Amino acid sequence: MELKALGTVLAEGRQPGQACAIGSVKTNIGHTETAAGIAGLIKVALALQHRELPPSLHFHQPNPYIDFQKLPVRVQETLEKLEGMAIVGVSAFGFGGTNAHIILESVPVPRIRNSKKKQQIHDLHLLTLSAKTEQALHDAATRLYTFLENRSECLLTDVCYTANVGRSPFSHRLAIIAESLESLRHRLQAFTTNARQLTGQTLTGQANRKSQPAEIDWQLPRKALLQQIAEQYIQGSKIDWEMFYQGKRDCLISLPNYPFQRQRCWAEGAKLATPQPTEVHPLLGQRLQLADVTEARFQVQIHPESYLKDHCIFGQSIFPAAAYLEMLQAAGAQMIPEPQVQQFRIERSLPLTEIQTLKIVLKPEADRYSAQVFRRMPDESWTLQASAQIQEAEHHKSVHSPVHLEVKKFINSQVTKDILSVEEKSWRSLPINDFYHQLRGKGLEYGVSFRAIQKLWQGEGEAIARICLPKDLQANFYKFHPVLLDASFQTLGALLCEPCLPIGCDRVQVFQSPGDRVWSYVKITSKNAQQVQANIFLINDDGAIVAEVVGLLLQIANHSDRLLLEFQSEPKYEQYSEWLYKTVWQPKPLENQPIIEQRDWLIFADKEGLGVALAEKFEERGDRCTLVFPEQINLTQPEGFQNWINQETAKTSFIYGVWKTLRTSICLPCKTCKSRVVPGCCTWFRHWQARLLVSGLLLVQLRRSAHTHNSYTNLHSGV
């Protein structure tokens, strides 16, 4: 269609045999979809620049739907030189709705002129230059001087004509009267090197008029005329170049373009007031200063690309319980000197698939704070993630936490490398790589940032681990880095066969910062089919307890649970099934609907199933059906059959007869249908005909066709 349209237009006024060359860049580079139009434009622009028509590659067989014999077009198959002026069209008619056609024309070939003959016409010529700034005018003159140094073939008249009529005038101006290219270059060089030593034939200045038409005496001798035009040009007058050249057009040539000044345009000295940096806890964020609110509120954003992403449960990055505890400890420290977190519970897990905004709320009570951690949902609502109680620690009780003497001896032996002391208790060393491999098999996958256990020993219901913070993490701003605390929770994996996830604890207290390394001693206190409870003590190299976690509660999970079993991973309204539209039917009373009465049917059925199928259909809509099979009635005794019919017709509204004919040795001729039928067939059928004629009903008897086993034909009918 496109070529037919082009052929129709191009055929007008075209001589026979002058076919228009066509091609497509798609045969060279393929279809570039939305960039196909610009690719074609680049192709023809290069063709005009190099004055060559490129061939269409891979063209072997023309489209049979294009009649190239009638259309004045041909496919360009070879490289061909362009002679004279050339006009090229680029078509873009796509299925996407783009309808465009652009036409390009080649640049006129520069005329070859006799410089000696041209120079004799006028001995003096005027060149004008302008720029927006003094420096830009200086750069423009320098670029023109450099250009003319290597352009001895240029004519002075063409240079001046192009500069005068081809450029817009700006405020800073330069006018030079010259009799040759050599004198023009000399005066340009003098201007660029020292503008103060200029002759009367070089004028420069800043325009002080608002483009008023120049008052020129066109009858003056040429030298005086050029001097008058130069002076008024420098002052800002508008020169009528059409009048100056008296309608004669010289050749436009390519001169250096405008020297744009590349410089910074920043407001120097303007300084923005920036707040002084403050130490902000990475998991607590800024405290929200709200009026008329007794609660302490903090808000923080958790980024999925932080080190927390290495805490993976069943293939999902989950915000760790240790991070919740550190967050609550940091919030409590701003309200209480020595906070203690109690009754900590995780309500639901927090997936780290995107940036999560958390809000920590501390409500003051009698002698404590009720703490809650909320998560902002996509609909701007807030859902509860974790809760706890924070109160001032009872320091005297926590200092004397019951840690076995053997544990302290073991830790001291490891610090002092005293091998003999290690043998006092039967601790079994576990390879760390194998340990983390086993956890991964249970669905607890820890990345590099959370693999903080350096050494691990297993005992009877208890374990000890040497924990060091990875080198790329820092303990700054943390009371107790979550990676260190989470690694102490991981230590329980050496004592459990099932994957267990922490969901709460009775009490957590940090006595002092452990730095970037700590010892973890864990002991299981109780265990059942669903939950495990344990105590954890964090000890430094000196054997002092730096933190304790009492009553840590873990939930036994498995791969089928995917996430945290008892507590949900997401609110109910965020389940995937709720993201889809669904149909909800609303009850509405029927209006003007016909009332369908219940009907009684008497169906003479055979064993082929047609009668039974009819009965099922009738009963689906509430009708009652009575099925009669051939073996139930003795048709050889008309009197008994007649009595039975009289009884059934009293309670029957409609009758269907679907008995088939049977090939049997007991056959009697039927005068009505002149065929051999089941004995008594026409007797009961004629009776029904007579009775149904009164009520206007239809009775049909069907038989199996002799040509097929699955079709029935009408044997008798009467209305």
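Residues numbered from 1 in each chain as written. Predicted model: local features only at pLDDT ≥ 70, side-chain atom pairs only at ≥ 80, totals over all residues. Heavy atoms only, no water.

A. Local environment of a nonpolar patch on the surface. There is a patch of nonpolar side chains on the surface, built from I38, I42 and L46 and spanning about 270 Å² of accessible area. Taking the relative accessible area as the measure of exposure, I42 reaches 48% and is therefore partly exposed. (Patch = residues over 30% accessible without salt bridge, like charges linked within 9 Å, V, L, I, M, F, W, Y side chains within 5 Å. Areas by Shrake-Rupley, 256 points an atom, 1.4 Å probe, with all protein chains shown as cover. Salt bridge = Lys/Arg side-chain N within 4 Å of Asp/Glu carboxyl O. Buried < 20%, exposed > 50% of the residue type's maximum accessible area, 1.4 Å probe, protein only.)

B. Layout of the pairing of strand β8 (residues 172-178). For β8, the tally of buried residues reaches seven of seven residues, placing the bulk of the element in the interior. Residues of β8 alternate between two faces, with H172, L174, I176 and A178 on one and R173, A175 and I177 on the opposite face, all of them buried. Where strand β7 (residues 125-131) meets β8, seven bridges bridge the pair, whose relative direction is antiparallel. Each bridged residue has a counterpart across the sheet, and for L126 the counterpart in β8 is I177. (Helix = DSSP H or I, 4+ residues; strand = E, 2+ residues; numbered from the N terminus. Pairing = 2+ DSSP bridges.)

C. Representation of the packing of helix α5 (residues 134-149) against helix α7 (residues 181-193) in the model. Running from N to C, α5 and α7 cross one another at 145°; their axes reach a closest spacing of 9 Å. α5 and α7 meet at a crossing whose hand is left-handed. Judged by residue contacts, L137, H138, A141, T142, L144, Y145, L148 and E149 of α5 engage L181, L184, R185, L188, Q189, F191 and T192 from α7. Split by residue class, the contact of α5 with α7 holds nine nonpolar, four polar and two charged. (Axes fitted to C-alpha atoms, helices over the stretch in contact; angles between N-to-C directions. Left-handed = near helix turned anticlockwise from the far one by under 90°. Contact = heavy atoms within 4.5 Å. Nonpolar A, V, L, I, M, F, W, Y, C, P; charged D, E, K, R; others polar.)

D. Main features of unusual backbone geometry. You will see that E33, though not glycine, has its phi angle at about 55°, which is positive. Summarising the element assignment, E33 is placed in the loop between α2 (26-29) and α3 (36-50). With relative accessibility at 60%, the residue E33 sits in the exposed group. A positive phi is found at H58, a non-glycine position, where the angle reads about 60°. Considering the arrangement of structural elements, one finds H58 in the loop between β2 (52-53) and β3 (73-75). Judged by its relative accessible area of 61%, H58 is exposed.

E. Seen up close, α7. Taking 1.5 Å per residue, 13 residues should reach 18 Å; α7 reaches 18 Å between its end C-alpha atoms and fits that length. Along α7, the residues that are buried comprise L181, S183, L184, R187, L188, F191 and T192. Considering only its buried residues, α7 is in contact with β7, α5, α6 (156-165), β8 and β9 (202-206). (Expected span 1.5 Å × (residues − 1).)

F. Inspection of helix α10 (residues 321-333) at higher detail. Here α10 is 13 residues long and its end C-alpha atoms lie 18 Å apart, about the 18 Å a rise of 1.5 Å per residue gives. Of all 13 residues that make up α10, twelve are buried, and the element is covered over most of its length. If you check which residues of α10 are buried, you get A321, A322, A323, Y324, L325, E326, M327, L328, Q329, A330, A331 and G332.

G. Main features of the sheet that holds strand β13 (residues 316-317). Across the sheet, which stays open at both edges, the three strands sit in the order β13-β12-β19 with antiparallel pairing between neighbours. The open sheet has two edge strands, β13 and β19 (444-446), and neither has a second partner. Note that strand β12 (residues 311-313) and β19 share three bridges and pair antiparallel. Following the sheet pairing, C312 is matched in β19 by E445.

H. Spotlight on the packing of aromatic side chains. According to the stated counting rule, one finds 13 aromatic pairs in the structure shown. Each ring, one from Y307 and one from F450, has its centre 6.2 Å from the other, and the planes form 25°; the classification is stacked. With Y307 in the loop between β11 (296-302) and β12 and F450 in the loop between β19 and β20 (453-458), the pair connects residues that are 143 residues apart, well separated along the chain. Here the two residues Y307 and F450 agree in accessibility, since each one is buried. Lying across the ring of Y233, R173 places its NZ or CZ 4.8 Å from the centre. (Phe/Tyr/Trp six-rings, centres within 6.5 Å; stacked < 30°, edge-to-face > 60°. Lys NZ or Arg CZ within 6 Å of the ring centre and 35° of its normal.)

I. Region of the structure containing the environment of K4. As for its placement among the helices and strands, K4 is situated in helix α1 (residues 2-10). K4 sits in the exposed class, given a relative accessible area of 53%. Along the chain, K4 and L71 lie 67 residues apart, while their C-alpha atoms are 7.2 Å from each other.

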